[in-house]
Amino acid sequence: MSAEFGGPGGLRGKLTRWLRGSGPTGTADDGGREALLLAAAGAGLPLAPAAYPAAGYRCSCDRVGCPTPARHPVSFAWQTQSTTDRAQIERWARHQPQANFITATGMTHDVLDVPVEAGREALDRLLGSGIEVGPVAESDDGRLLFFTLTRGTPEDEDEWWPCELDCHPETMDEHPGLRWHCRGSYVLVPPARLPGDDGRSVHWVRGPQHPLPDPLSLLEILTDECARHAGQDRDQATAAWPSRR
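Conventions adopted
Residues numbered from 1 in each chain as written. Predicted model: local features only at pLDDT ≥ 70, side-chain atom pairs only at ≥ 80, totals over all residues. Heavy atoms only, no water. Helix = DSSP H or I, 4+ residues; strand = E, 2+ residues; numbered from the N terminus. Buried < 20%, exposed > 50% of the residue type's maximum accessible area, 1.4 Å probe, protein only. Contact = heavy atoms within 4.5 Å. pLDDT = per-residue confidence, 0-100. Pairing = 2+ DSSP bridges. Axes fitted to C-alpha atoms, helices over the stretch in contact; angles between N-to-C directions. Salt bridge = Lys/Arg side-chain N within 4 Å of Asp/Glu carboxyl O. Phe/Tyr/Trp six-rings, centres within 6.5 Å; stacked < 30°, edge-to-face > 60°. Core = buried A, V, L, I, M, F, W, Y, C linked by side-chain atoms within 4.5 Å.

A.B. asks: Please clarify how the side chain of Glu90 should be interpreted in this entry.
C.D. replies: Mapped onto the secondary structure, Glu90 falls in helix α5 (residues 86–95). Judged by its relative accessible area of 18%, Glu90 falls in the buried class. What Glu90 contacts, discounting residues up to four positions off in sequence, is Glu34 and Leu38.

Structure representation (structure tokens):
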């Protein structure tokens, strides 16, 4: 690891200080966060500002009982607002120093979102098979995010499926296996802070410098690992349930 990135004054050190933060009133950002956001935008991921953690598990938004604290965009116009424009992202990052950012899917890229255990096994298999894997992010709430090319725009608009058929950002708990974020969805882009006092975050496992792959090249192994881990969970639950005589 280079000294520029890994040293106490390098990008990793700066990012770690931002992720830990200084509580809801902290405003300092000495470059690590902004650099990573600009790298994501430079890779073609359109960004928009998002909410951030408040005290405890609360959200910075005004919504009582927010169902997705610190995980949602701040504007209802996030799909049209999302951009890769460097100057705009710099303004957002500097004027909203606590904000997380989302990236809108279905524009230039999709995201295949899987349970972290299945995702790690799949990543090892994909790399071991010589399959091109693009950017991968890990969310400390137990998900691994594989960034891919989008499906594109079919000639027949009826060929589209809306993301709600798979997962909607506010109802994702209903889809514990693989979630395909396409048009109409979004995910947090690193670096992002998650609610709680334990320093949880969304961070890159493989950075945005890796080219986006075709989603279908990853899909078989991802679905296979998701099914295998779901089967293990069922077997463990069955074994733990007391038998009836």
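After presenting the structure, the write-up continues.
A.B. asks: Explain the confidence of the model for the protein here, please?
C.D. replies: Low-pLDDT portions of the prediction should not be read for the details of their coordinates. Looking at the protein as a whole, its pLDDT mean stands at 81, while 71% of the residues score no less than 70. Segment residues 22–28: pLDDT under 50, and 8 contacts once partners within four positions in sequence are set aside and those in other chains are kept. The low-confidence segment residues 159–168, where pLDDT is below 50, has 28 contacts with residues more than four positions distant or belonging to other chains.

A.B. asks: Could you clarify how one ought to interpret the sheet that holds strand β8 (residues 192–193) in this entry?
C.D. replies: In a beta sheet, neighbouring strands are held together by backbone hydrogen bonds and run either parallel or antiparallel to one another. One open sheet accounts for 6 strands, arranged β6-β3-β5-β4-β9-β8; its pairing is antiparallel. Looking at the sheet topology across the chains shown, the edges are occupied by β6 (179–181) and β8. With 7 bridges connecting them, strand β3 (residues 109–115) and strand β5 (residues 143–149) associate as antiparallel partners. Residue pairing across strands places Pro115 opposite Arg143, the latter belonging to β5. Here helix α6 (residues 116–128) sits on the sheet and contacts β3, β4 (136–139), β5 and β9 (201–206); the angle it forms with β5, its principal contact strand, is near 45 degrees.

A.B. asks: How should I be thinking about the pattern of salt bridges in this particular structure?
C.D. replies: A side chain with one charge can pair with a side chain of the opposite charge if their charged atoms come near. Inspection of every chain in the model, using the stated rule, returns 11 salt bridges. Arg179 is the partner of Asp113 in a salt bridge, and the nearest nitrogen-oxygen pair spans 3.4 Å. One end of the pair, Asp113, is in strand β3; the other, Arg179, is in strand β6, and 66 residues separate them in sequence. The pair formed by Asp113 and Arg179 is uniform in burial state, with each residue classed as buried. Between Arg228 and Glu225 there is a salt bridge, with the nearest N and O atoms lying 2.8 Å from each other. In this pair, Arg228 and Glu225 are both assigned in helix α7 (residues 215–240), 3 residues apart and thus about one turn of the helix distant. One salt-bridge network, in which partners are shared between bridges, spans Glu121, Arg125, Asp224, Glu225 and Arg228.

A.B. asks: Can you walk me through the packing of aromatic side chains in this structure?
C.D. replies: Any pair of aromatic rings gets described here by the distance separating the centres and the angle formed by the planes. Under the counting rule described, the total for this entry stands at 3 aromatic pairs. Where Phe147 meets Trp204, the ring centres are 5.2 Å apart and the plane angle is 55 degrees; that geometry is what we call tilted. Taken together, the positions of Phe147 in strand β5 and Trp204 in strand β9 put the pair 57 residues apart, joining distant regions of the chain. A single burial state applies to Phe147 and to Trp204, both of which are buried.

A.B. asks: Which parts of the structure should I look at to understand the sheet that holds strand β1 (residues 47–50)?
C.D. replies: In space, the 3 strands of this open sheet follow the order β1-β2-β7, with antiparallel pairing throughout. Every interior strand has two partners, whereas the edge strands, β1 and β7 (186–189), have only one. Between one strand axis and the next, the sheet turns by 40 degrees as a mean value, whatever way the strands run. Of the strand pairs in this sheet, strand β2 (residues 100–104) and β7 are connected by 4 bridges, and their pairing is antiparallel. Along β7, the bridge assignment pairs Phe101 with Val189. Contacts from α5 reach β1 and β2, with the element oriented near 15 degrees to β1.

A.B. asks: Looking at this model, I keep getting lost on helix α3 (residues 32–42). Mind explaining?
C.D. replies: In an α-helix, one turn spans 3.6 residues, which is why side chains three or four residues apart end up on the same side. Counting buried positions over the 11 residues of α3 gives 8, a clear majority of the element. What α3 keeps buried is the set Gly32, Arg33, Glu34, Leu36, Leu37, Leu38, Ala40 and Ala41. Among the residues trailing α3, Gly44 stands out with phi positive, at a value near 95 degrees.

A.B. asks: Where do I start with the nonpolar core in this structure?
C.D. replies: Nonpolar side chains in soluble globular proteins generally cluster together in the buried interior. Of all hydrophobic cores here, the largest spans 29 residues; its most connected members are Leu47, Phe147 and Val189. For this core, the secondary-structure elements that each account for two or more residues are α3, β1, α5, β2, β5, β7 and β9. In terms of residue count, α3 provides more of this core than any other element does, 5 residues in total. Residues in contact with Leu47, not counting those within four places in the same chain, are Leu37, Ala41, Gln81, Ser82, Thr83, Ile89, Trp92, Phe101, Ile102, Thr103 and Val189. With 17 residues, the next largest nonpolar core counts Leu112, Leu123, Leu126 and Cys182 among its residues.

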